[in-house]
Amino acid sequence: MTLRTLEDLGDVDGARVFVRADLNVPMRDGILSDDSRISATVPTLQELLGRGAHLVCASHLGRPHGRVREEMRMAPVGERLGQLLGREVVTVNSPSPDPDDLPEADVVLLENLRFDPGEEADDPSFAGRLAELADAYVDDAFGAAHRRHASVSALPELLLASGRAAVAGRLLEREVQVLGRLLADPDRPYVAILGGAKVSDKLSVIDALLERVDALLIGGAMAFTFIAAGGGKVGTSLVEPDRYGDVLATAEKAERLGVPITLPTDVVAAAAMDVSAPPRTVAADSIPDELIGLDIGPATVHAFAEVIAGAKTVLWNGPMGVFEIGAFAAGTNGVATAVADSDAFTVVGGGDSLSAVKHAGLEDRFDHLSTGGGASLEFLEGHTLPGIAILED
Ligand code: ADP
Ligand code: MG
């Protein structure tokens with residue numbers, strides 16, 4: 001399978017190219033707190049503009065559930081996109097305007113695709129209206145590639161059926177190239193570090209990774225479900241007792257495959273998850289009853305760093321603790337630094353993990369920051385993603 005890319009698009013001088021981007025940025029009261037998803041797609045847009053194309057860009061934003069939500073309009077995104085491109089971006093207020101109503105501009109941004117229920121329903125008639133806006137189609141929305149939604153599924157299908165091109169943009173191309181390498185041919189040792197809040201979100205990726213990695217490091221709240229299932233005392237730490245059976249089966253599978261799973265040996269715990277709670281470092285499997293584990297401890301950071309230093313490939317997804325609170329951020333920052341310092345090929349994914357890396361100022365020292373949260377994990381599990389399959393020959 002090979003992905004069709006901008007090289008396969010042909011001549012687009014004067015053509016109208018529909019670009020499905022992932023501009024789903026965090027926004028509150030019309031203010032964007034992080035525009036990295038917008039800047040990540042800019043190279044694709046610049047390249048197309050350089051080839052003389054007129055762009056019709058589209059994305060979803062938030063979860064409006066098929067109706068218009070004022071606070072989820074695309075206009076602030078369009079404004080920021082215009083600044084990043086250094087040219088005018090006209091945002092229209094319909095997700096599927098009549099082609100005759102499209103403004104005369106090099107870059108038009110459609111309204112939030114999810115304002116129309118047809119988007120999430122993969123509705124062919126909604127896709128048909130979008131198809132009228134496109135001489136050709138470029139998908140750069142890796143973050144939406146795991147969804148069978150109209151703009152990434154029915155739309156390219158329709159266009160291909162009518163002889164129009166549907167290809168991947170540069171961002172999607174790079175994601176598939178990098179994550180594909182982790183899936184098929186990683187340099188070894190390959191070490192995965194997983195963390196975050198809920199083990200249930202990531203059990204299937206842990207299971208799939210066990211078949212590919214040489215070592216697995218587990219931190220974050222999800223470690224407590226492993227420790228508790230093994231009989232440790234975890235105080236009031238976040239655990240998912242209905243998953244004890246699953247994590248024990250995972251631990252058994254790891255043993256069978258000879259893949260060591262390293263859990264925290266010490267944790268930073270406090271009486272409550274807030275700024276005022278004085279933190280204490282305690283053994284991870286004998287946390288006092290009244291304390292909640294909120295970060296991995298220094299001995300664990302040290303042990304994780306040693307494994308990371310010996311790796312040739314590192315994948316990291318999920319913070320090691322409640323990094324949003326300074327007192328519980330040392331574990332996440334320590335692991336981020338260890339990964340940044342390693343000579344390995346390093347990939348980080350997950351919205352919170354990325355923000356931790358940026359907060360620590362280490363984003364330039366990773367080889368790849370994956371823009372897709374759920375999409376990256378599904379890809380790394382070896383699933384076929386609908387938004388990618390349609391772009392392959
Ligand atoms: P990502 O977005 O990188 O995939 P997740 O969304 O899975 O990461 O998890 C991030 C969240 O996990 C953060 O909000 C963090 O505060 C939380 N978390 C990490 N460790 C703990 C812990 N020990 N107790 C409670 N929450 C935790
Ligand atoms: Mg998250």
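Numbering of residues begins from 1 in every chain and follows the order in which that chain's sequence is written. The lettering of chains begins at A and the numbering of ligands begins at 1, in the order of writing. With the structure being a predicted model, the display of local features is reserved for residues of pLDDT at least 70 and the display and counting of side-chain atom pairs for 80 or more, all residues being used for whole-chain, interface and lining totals. Side-chain figures throughout are based on the complete set of non-hydrogen atoms in the structure, without hydrogens or water.

Visitor: When you look at the pattern of salt bridges in this model, what are you seeing that I'm missing?
Guide: Salt bridges are defined as contacts in which a side-chain nitrogen from Lys or Arg sits within 4 Å of a carboxyl oxygen from Asp or Glu. Per the stated rule, a full pass over the model turns up 21 salt bridges. As a salt-bridge pair, glutamate 119 and arginine 20 come within 3.5 Å of each other at their nearest N and O atoms. Taken together, the residues glutamate 119 in helix H3 (residues 117-120) and arginine 20 in strand E1 (residues 16-20) connect sequence positions 99 residues apart. You can call glutamate 119 buried: its relative accessible area is 0%. Between glutamate 71 and arginine 69 there is a salt bridge, and its shortest N-O distance comes to 2.9 Å. Accessible area is worked out with a 1.4 Å probe on protein chains only. A residue is then buried under 20% of its type maximum, exposed over 50%, and partly exposed in between. Judged by relative accessible area, which is 46%, glutamate 71 ranks as partly exposed. Salt bridges here are not isolated pairs; linked through shared partners, they connect Glu7, Glu47, Arg51, Arg170 and Glu173. Where helices and strands are cited, they refer to DSSP runs of H or I of at least four residues and of E of at least two residues respectively, numbered from the N terminus.

Visitor: Hey, could you run me through the environment of alanine 305 in this one?
Guide: Counting through the fold element by element, alanine 305 comes out in helix H10 (residues 298-309). The exposure class assigned to alanine 305 is partly exposed, which follows from its relative accessible area of 25%. Separated by 33 residues in sequence, alanine 305 and alanine 338 have C-alpha atoms that sit 5.4 Å apart.

Visitor: Sorry if this is basic, but what is going on with the packing of aromatic side chains here?
Guide: Geometrically, a pair of aromatic rings is defined through the distance of the ring centres and the angle of the planes. Two aromatic rings from Phe, Tyr or Trp, using only the six-membered ring of Trp, form a pair when their centres are within 6.5 Å; if the ring planes differ by under 30 degrees the pair is stacked, by over 60 it is edge-to-face, and anything between is tilted. Enumeration over the complete set of coordinates arrives at 2 aromatic pairs. When the ring of phenylalanine 18 is compared with that of tyrosine 137, the centres are 6.1 Å apart and the planes differ by 20°; the resulting orientation is stacked. You can see phenylalanine 18 sitting in strand E1 and its partner tyrosine 137 sitting in strand E7 (residues 136-139), a full 119 residues away along the chain. Here phenylalanine 18 falls in the buried class, since its relative accessible area comes to 0%. By relative accessible area, which is 0% here, tyrosine 137 ends up buried. On the numbers, 6.4 Å between centres and 65° between planes, the contact of phenylalanine 142 with phenylalanine 379 is edge-to-face. Of the two residues, phenylalanine 142 is situated in the loop between E7 and helix H5 (154-161) and phenylalanine 379 in helix H13 (residues 374-380); the sequence distance between them amounts to 237 residues. Using a relative accessible area of 0% as the deciding quantity, one classes phenylalanine 142 as buried. Looking at phenylalanine 379, the relative accessible area reads 9%, which means it is buried. In our convention, an over-ring charge means Lys NZ or Arg CZ found within 6 Å of a ring centre and within 35 degrees of that ring's normal. Positioned over the ring face of phenylalanine 345 is arginine 181, at 4.0 Å from the centre of the ring.

Visitor: Is there a simple way to explain the pairing of strand E10 (residues 215-218) in this structure?
Guide: Every regular strand shows the same layout, with side chains that alternate between the two sheet faces. Taking every second residue as pointing to the same face, both faces of E10 are buried, with Ala215 and Leu217 on one and Leu216 and Ile218 on the other. A pair of strands counts as paired when DSSP detects no fewer than two bridges linking them. Relative to E10, strand E9 (residues 190-194) is paired through 4 bridges, and the arrangement is parallel. By the bridge assignment, leucine 194 is partnered in E10 with isoleucine 218. Handedness of the crossover joining E9 and E10 through helix H7 (residues 199-210): right-handed. Relative to strand E12 (residues 261-262), E10 runs parallel, the two sharing 2 bridges. Within E12, the position partnered with leucine 216 by the bridge is isoleucine 261. Here is how to tell: hold the view so the strands point away, follow the path from the first strand over the helix to the second, and if it runs clockwise the crossover is right-handed.

Visitor: Just checking my understanding: could you explain unusual backbone geometry for this structure?
Guide: The phi angle of most residues is negative, glycine excepted, and most peptide bonds adopt the trans form. Omega for the peptide link from arginine 188 to proline 189 comes to 0°, which places this bond in the cis form. Checked against the element boundaries, proline 189 lands in the loop between helix H6 (170-184) and E9. The backbone of aspartate 29 sits at a positive phi, close to 50°, despite the residue not being glycine. Relative to the helices and strands, aspartate 29 resides in the loop between strand E2 (27-28) and strand E3 (31-32).

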